[in-house]
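Here is how the chains run, residue by residue.
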Amino acid sequence: MISRVTSEFRREAREFRLRYCCEDCAHFEPDEARCAHEYPCEAHRQRDLESCHEVVFCKEFELA
């Protein structure tokens, strides 16, 4: 799911400590820098919310 990054989104992400990137997912294999389910990761990797206009949420995300 692609979501626009607005000032409200940024504020809420900070306030609620939103986690959505591969690096925070239980299915991410950091040594291999890949998803255990073999999904492409690039769009879901760490993003600087201050400089991006959209984020992509993975349907398989599970907080680690």
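Scroll up a little and you will see the structure.
Throughout, residues of each chain are indexed from 1 in the direction in which the sequence is written. Local features in this predicted model are restricted to residues whose pLDDT is 70 or higher, and side-chain atom pairs enter the listing and the counts only when it is 80 or higher, whereas totals over whole chains, interfaces and linings include all residues. For side-chain calculations, the full set of non-hydrogen atoms in the structure is used, while hydrogens and water are omitted.

Novice: What is the right way to read the overall build of the protein chain from this model?
Specialist: Segments assigned H or I by DSSP are reported as helices when at least four residues long, segments assigned E as strands when at least two residues long, and all are numbered from the N terminus. Across its full length, the protein chain holds one helix and four strands. For 64 residues, the compact-globule estimate of 2.2 N^0.38 gives 11 Å, and the protein chain sits close to it at 12 Å. Dimensions of the protein chain along its principal axes, counting C-alpha atoms only, are 35 × 20 × 20 Å. Think of it in three bands: residues with accessible area under 20% of the maximum for their type are buried, residues over 50% are exposed, and the middle band is partly exposed, with areas taken using a 1.4 Å probe on protein chains only. Burial status across the protein chain gives 30% buried among its 64 residues. Of the contacts made within the protein chain by residues no fewer than 6 positions apart, 63% connect residues no fewer than 24 positions apart. Each accessible area value is a Shrake-Rupley result obtained with a 1.4 Å probe; residue values ignore everything except the protein chains displayed when judging cover. Accessible surface, the protein chain: about 4800 Å² in total, of which carbon and sulfur atoms supply 48%. Where the 10 positive side-chain charges of the protein chain centre and where its 15 negative ones centre are 6 Å apart. C-alpha atoms define the radius of gyration in this analysis, and the globule rule sets the expected value at 2.2 Å times the number of residues to the power 0.38. Throughout, a residue-residue contact means that at least one pair of heavy atoms, one from each residue, lies within 4.5 Å. Neither His nor the chain ends contribute to the count of charged residues, in which Lys and Arg are positive and Asp and Glu negative. A single reference atom marks each charge: NZ on Lys, CZ on Arg, CG on Asp, CD on Glu.

Novice: Any chance you could explain the side chain of His44 here in plain terms?
Specialist: With respect to the element layout, His44 can be found in the loop between β3 (34–35) and β4 (54–56). Leaving out residues up to four positions away in the same chain, His44 has contacts with Tyr20, Cys21, Cys22, Glu23, Val56, Phe57 and Cys58.

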